[in-house]
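Chain and residue survey
Below are the chains, spelled out letter by letter.
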Amino acid sequence: MTSVYSAEGKNIPCTVIEAGPCVVTQVRTVDNDGYAAVQLAYDEKKEKNTSKPMKGHFAKASTTPKRKLVEFKGFEAEKNLGDVVSVDLFSEGDFVDVVGTSKGKGFQGVVKRHGFAGVGGQTHGQHNRLRAPGSLGASSWPSKVFKGMRMAGRMGGDRVKIQNLEILKVYPEQNLLVVSGSIPGAKGSYVILEK
Amino acid sequence: MQSDFYGIKIVVISKKMDLVKFVNDQVTHNALPSFKAGDTVTVHYKIREGSKERIQQYQGVVITRSGSGSTQTFTVRKVSNSIGVERIFPVNSPNIDKVEVNSRGVVRRAKLFYLRELTGKKARIKEKRV
């Protein structure tokens, strides 16, 4: 993350995203597949690390092997195999949704994981249970813990969508987007942009 | 519904550090005089009220400079009506009209947070003779 200044001189926190160029490697049609979608490929990959079936897949679109393949539905413009999709789809002032995998937090308690308030005071006889979850439910009925009870456990590493982030800048030559605010995931991770 | 709205245009992306550097380099850098912690400065700050723009002056002691590159900031402390006031200015803010260095101070550290605990004669900073 970094920050840029708006026209009014406000300091806006932002994230830099390298968006594209992506290559269309497959076109799904209603006749063929029952739904319409476009498969985009991004980021170079070594040929020796590519399996033979995938090499054939990329050869069909007459492109080099790529690391990430994602299908997108609802493209406005018709796309053909081998077409390049680049950052100029976006313009400044647009709002986008960003989908990514959040950073793994490991095994976390209920206060961090589910926003429990913890045990309030240090008084009233309380000691050593400041961040405890409390009761899991009633006793003889139902004689079980309900499914989905919020407890401690693994946190993070989930698919997260952040909605309505404003595009502050577009640099077409560098394929860069500057998006306001933070986005899911670690530095260098892959995300999906939806407009 | 108009399908236009649902039109999804997407691209797969990665975040890399040198890209951040590129964006930082695009920020226009203010040409401020060199100053550091201990110096007394006057910051001429642009304030917009409706369509009018005026310049406000804020004088005090620089107690820290923090950050680096285009996101660097400095903190100016002054005592106003016996109440301490600190303002943080981004070095490259377009709202900074200019910065005047009034005097250079002799200090032995880069962060002068100890000034917050001091008042009166103890809170003085020795001036550097030029």
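The model shown is predicted, which means the values in this text are computed figures rather than measured ones.

1. Quick word on the overall build of chain A
When you go through chain A residue by residue, the secondary structure sums to three helices and twelve strands. For chain A, whose C-alpha radius of gyration is 23 Å, the value lies well above the compact-globule estimate of 16 Å for 195 residues. Counting only C-alpha atoms and orienting by the principal axes, one finds that chain A spans roughly 70 × 50 × 35 Å. Going through the 195 residues of chain A one by one, you find that 37% of them count as buried. Expressed as a percentage of contacts within chain A between residues at least 6 apart in sequence, the contacts between residues at least 24 apart total 64%. Per element, the accessible surface of chain A, about 11,800 Å² overall, is 49% carbon and sulfur. Distance from the positive charge centre (28 side chains) to the negative charge centre (19 side chains) of chain A: 16 Å.

2. Remarks on the domain arrangement of chain A
Splitting chain A by domain gives domain 1 (2-104 + 156-194) and domain 2 (109-133). Each of domain 1 of chain A and domain 2 of chain A has a C-alpha centre, and the two are 42 Å apart.

3. Description of the packing of aromatic side chains
All names here are of chain A. Here the structure, examined in full by the defined rule, presents six aromatic pairs over all chains. Relative to Tyr190, the ring of Tyr42 has its centre 6.4 Å away and its plane inclined at 80 degrees; by these criteria the two rings are edge-to-face. With Tyr42 in strand β4 (residues 37-44) and Tyr190 in strand β12 (residues 190-194), this residue pair connects regions lying 148 residues apart in the sequence. With a relative accessible area of 3%, Tyr42 lands in the buried category.

4. Thoughts on a nonpolar patch on the surface
All names here are of chain A. The grouping of Leu136, Val145 and Met151 at the surface amounts to a nonpolar patch, some 220 Å² of accessible area in total. Looking at the secondary structure, you find Val145 in the loop between α3 (110-114) and β9 (153-155). Judged by its relative accessible area of 41%, Val145 falls in the partly exposed class.

5. Section: the sheet that holds strand β5 (residues 83-90) of chain B
Residues and elements named next belong to chain B. A sheet is described by the order of its strands in space; here five strands give the open sequence β5-β4-β3-β2-β6, paired in antiparallel fashion. If you trace the sheet from one side to the other, it starts and ends with β5 and β6 (96-103), each paired once. Direction aside, neighbouring strands of the sheet carry axes that sit 40 degrees apart on average. Both strand β3 (residues 52-66) and strand β4 (residues 73-80) contribute to a ladder of five bridges, which runs antiparallel. Each residue of the ladder has a partner; that of Val62, found in β4, is Val76.

6. Brief notes about the side chain of Asn24 of chain B
Turning to its location among the elements, Asn24 of chain B is positioned in helix α1 (residues 17-26). Taking relative accessible area as the criterion, Asn24 of chain B reaches 17% and is therefore assigned buried. Contacts of Asn24 of chain B, omitting those with residues within four sequence positions, involve Thr2 of chain A together with His29 and Ser70 of chain B.

7. Considerations on the pattern of salt bridges
Tallied over the full model, the rule gives twelve salt bridges over all chains. Notably, a salt bridge pairs Arg48 of chain B with Glu53 of chain B, separated by 3.2 Å at the nearest N-O pair. Given the relative accessible area of 46%, Glu53 of chain B is considered partly exposed. A salt bridge links Glu86 of chain B to Arg77 of chain B, with the nearest nitrogen and oxygen atoms 3.0 Å apart. Under the relative-accessibility criterion, Glu86 of chain B is labelled partly exposed at 29%. Salt bridges sharing partners connect three or more residues here, namely Arg28, Asp33 and Glu71 of chain A.

Thresholds applied
- Residues numbered from 1 in each chain as written.
- Chains lettered and ligands numbered in written order.
- Predicted model: local features only at pLDDT ≥ 70, side-chain atom pairs only at ≥ 80, totals over all residues.
- Heavy atoms only, no water.
- Helix = DSSP H or I, 4+ residues; strand = E, 2+ residues; numbered from the N terminus.
- Rg over C-alpha atoms; globule rule 2.2 N^0.38 Å.
- Buried < 20%, exposed > 50% of the residue type's maximum accessible area, 1.4 Å probe, protein only.
- Contact = heavy atoms within 4.5 Å.
- Areas by Shrake-Rupley, 256 points an atom, 1.4 Å probe, with all protein chains shown as cover.
- Lys, Arg positive; Asp, Glu negative; His and termini not counted.
- Charge placed at Lys NZ, Arg CZ, Asp CG, Glu CD.
- Domains from an automatic or database assignment.
- Phe/Tyr/Trp six-rings, centres within 6.5 Å; stacked < 30°, edge-to-face > 60°.
- Patch = residues over 30% accessible without salt bridge, like charges linked within 9 Å, V, L, I, M, F, W, Y side chains within 5 Å.
- Salt bridge = Lys/Arg side-chain N within 4 Å of Asp/Glu carboxyl O.
- Pairing = 2+ DSSP bridges.
- Axes fitted to C-alpha atoms, helices over the stretch in contact; angles between N-to-C directions.

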